[in-house]
Amino acid sequence: MKERIILHCDLNNFFASVSLLYNPTLVDMPVAVCGDSENRHGIILAKNELAKKFGVKTAEPIFKAQQKCRELVLLPPIYNEYEEYSKKAQEIYSRYTDMVEPFGIDECWLDVTGSTLLFGTGEQIANKIRNDIKRELGLTISVGVSFNKVFAKLGSDLKKPDAVTIITKENFKQKLWGLPISDLLFVGRNTAEKLNSIGIKTIGDITLCDDLTLKKLLGKNGVDIKRYALGEDNTPVVSKTAESKPKSVGKSITCGKDFVNNEQVWKQFLIFSETLSDTLRQHSLFASGVQVHIRTSSLVVREFSRSYDTATNCALTLAKRGFELFCENYNFAEPLRSVGLRAINLKEFETAVQQDIFGESEQSLENEKVEDSIYKVRQKFGKSSIKRGRIV
């Protein structure tokens, strides 16, 4: 059987790198993308290489990062642009294989086993992708090349930025077994602490531990981690297929300032529904139900849902259905800290005539035509190319 060739592609400092494309004058300065401290998200979300040299770390409070680097430039996140560049990167990967598995917004596994006759060795394909990403997107990428997913992921972590690392059956013990056990995929902080407590400090150490001890300590997960360290990961790269269509699609937000009236909720539902509608259209799905999620300022969580005779992927209809359900079930006895909207009961077909929730079928069909046109514009020019005036 032919040995697999797996790539793990990791876009370097992704949020910060994309943000700098829109702020090129800051490219030689230490930069971090962060949430607004006044909006309950005062942490570093990403940083560039210069900020990293000052010791700035992801997920640390902004004030700590500024103590380390007084010249640190803080930028707000631009999520729509991050999604666009993630999509563009995946389109580049798809030139070399149809077996592409996303692992977060900035990472993907690729199985290029069947691509070598067209594009060369795994290392050659990795370098072609690296050059494509740099030339076409203005970003850098680190690629790990190995015979399984776990080691490919480790490879992309070993050398950053803008690098290709090869891990083979012949060299993986030398390259990987001396690394901290916490570097191995699926070994979180708590797992690492438990392993450290019985003397397992490195990836190589766990290969010497008997299965019974690992099972007592971590359950089946302990034995799996040992298998990964031994290079025995056989999990396939799972590309997006029709079978992987979502069962529901939702969006939620923890508010910067508590919502105190219906108008604020309606505007937020309009924002949510745009994303929900785009996702449903991408998968050729229609929702015959909605679910509303709220959390009050006293942290009480409530959810309401309703099913409908007709299915829709129209953003305005989804927003109206969600807002109607919200108004029937909540009267602002206290402010809301978070709200969410979810499209549920998804179907792969549309009913013959979609009736608007207010019974105006002609208006509903007109909305459908408008939203079809909006979707096509966004597909061609990006999500931020056209927006509703109400939510600008």
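Numbering of residues starts from 1 in each chain and follows the order in which that chain's sequence is written. For a predicted model such as this one, the threshold for reporting local features is a pLDDT of at least 70, and the threshold for listing and counting side-chain atom pairs is 80 or more; totals across whole chains, interfaces and linings nevertheless cover every residue. For the side-chain quantities, the full set of heavy atoms in the structure was used; hydrogens and water were omitted.

### Examining the overall build of the chain
Part 1 of the argument: Helices and strands together make up the secondary structure of the chain, namely 15 helices and 12 strands.
Part 2 of the argument: Taking as baseline every contact in the chain between residues at least 6 positions apart, the subset at least 24 positions apart corresponds to 65%.
Part 3 of the argument: Within the structure as shown, the chain displays about 20,100 Å² of accessible surface, and the carbon and sulfur contribution to it stands at 51%. Going along the chain from the N terminus, every DSSP run of H or I of four or more residues is numbered as a helix, and every run of E of two or more is numbered as a strand. Should any heavy atoms of two residues lie within 4.5 Å, those residues are considered in contact. All accessible areas in this document rest on Shrake-Rupley with a 1.4 Å probe, and a residue is counted as covered only by the protein chains that are shown.

### Topic: the side chain of Thr 312
Part 1 of the argument: One can find Thr 312 in strand E11 (residues 301-312).
Part 2 of the argument: A distance of 2.9 Å separates the side chain of Thr 312 from the backbone nitrogen of Cys 314, its partner in a polar contact. Polar contact criterion, stated in full: a pair of N or O atoms within 3.5 Å, where within protein one must be able to donate a hydrogen and the other to accept it, and residues adjacent in sequence count only if both atoms are side-chain atoms.

### Quick notes on the packing of helix H11 (residues 211-218) against helix H12 (residues 220-229)
Part 1 of the argument: Angles shown run from 0 to 180 degrees and are taken between the N-to-C directions of axes, each axis being a line fitted to C-alpha atoms and, for helices, limited to the stretch in contact. One way to put it is that H11 packs onto H12 with a least axis distance of 6 Å and a crossing angle of 130°. The orientation of H11 with respect to H12, classified from their angle, is oblique. On H12, the residues that touch Asp 211, Leu 214, Lys 215 and Leu 218 of H11 are Lys 220, Asn 221, Gly 222, Val 223, Ile 225 and Lys 226. Reported orientations rely on four angle classes, namely roughly parallel under 35 degrees, roughly antiparallel over 145, roughly perpendicular from 65 to 115, and oblique for the rest.

### Some words on the pattern of salt bridges
Part 1 of the argument: Salt bridges, as used here, are contacts in which a Lys or Arg side-chain nitrogen is within 4 Å of a carboxyl oxygen on Asp or Glu. A full pass over the atoms with the stated rule returns 19 salt bridges.
Part 2 of the argument: For Lys 169, the salt bridge is made with Glu 3, and the minimal N-O distance between the two is 3.8 Å. Here the residue Lys 169 occupies a position in the loop between strand E8 (163-166) and helix H8 (172-176), and Glu 3 occupies one in the segment before strand E1 (6-11), the gap between them amounting to 166 residues.
Part 3 of the argument: Each residue is assigned to one of three classes by its accessible area relative to the maximum for its type, calculated with a 1.4 Å probe on protein chains only: buried under 20%, partly exposed between the two thresholds, exposed over 50%. You can call Glu 3 partly exposed: its relative accessible area is 42%.
Part 4 of the argument: With its nearest N and O atoms 2.7 Å apart, the salt bridge here joins Arg 95 to Glu 136. With Arg 95 in the loop between helix H4 (79-93) and strand E5 (100-102) and Glu 136 in helix H6 (residues 122-137), this residue pair connects regions lying 41 residues apart in the sequence.
Part 5 of the argument: Judged by its relative accessible area of 37%, Glu 136 is partly exposed.
Part 6 of the argument: Overlapping salt bridges, with partners in common, bring together Asp 10, Glu 107, Lys 153, Asp 157 and Lys 160 in one network.

### Details of the packing of helix H13 (residues 262-282) against helix H14 (residues 315-329)
How two helices sit against one another is set out by the angle between their axes and by the gap between those axes.
Part 1 of the argument: Two elements in contact, H13 and H14, have axes separated by 8 Å at closest approach and are oriented at 140°. Regarding the angle of H13 to H14, the classification is oblique. In terms of crossing hand, the pair formed by H13 and H14 is right-handed. Between H13, through Asn 262, Val 265, Trp 266, Phe 269, Leu 270, Ser 273, Glu 274, Leu 276, Ser 277 and Leu 280, and H14, the contact on the second element is made entirely by Ala 315, Leu 316, Leu 318, Ala 319, Lys 320, Gly 322, Phe 323, Phe 326 and Cys 327. If you view the pair so one helix is near and one far, a crossing is left-handed when the near helix is turned anticlockwise from the far one by less than a right angle, and right-handed when it is turned clockwise.

### Some details on H14
Each α-helix turn comprises 3.6 residues. Residues three or four places apart therefore point the same way.
Part 1 of the argument: Here H14 spans 21 Å end to end across 15 residues, near enough to the 21 Å set by a 1.5 Å rise per residue.
Part 2 of the argument: Extensive coverage of H14 is indicated by the burial of 11 of its 15 residues.
Part 3 of the argument: Every buried residue belonging to H14 is among Ala 315, Leu 316, Thr 317, Leu 318, Ala 319, Lys 320, Arg 321, Gly 322, Phe 323, Leu 325 and Phe 326, and all of these are buried. Expected span, for any helix, means 1.5 Å times one less than how many residues it has.

### With respect to the sheet that holds strand E2 (residues 31-34)
Part 1 of the argument: The strand order across the open sheet formed by 3 strands is E3-E2-E4, and the pairing between neighbours is mixed. Of all strands in the sheet, those with a lone pairing partner are strand E3 (44-47) and strand E4 (73-75), marking the two edges. Within the sheet, the average angular offset between the axes of one strand and its neighbour, ignoring direction, is 35°.
Part 2 of the argument: At least two DSSP bridges between two strands are needed for those strands to be called paired. In terms of strand pairing, E2 meets E4 through 3 bridges, oriented parallel. When the bridges of E4 are listed, Ala 32 appears paired with Leu 74.

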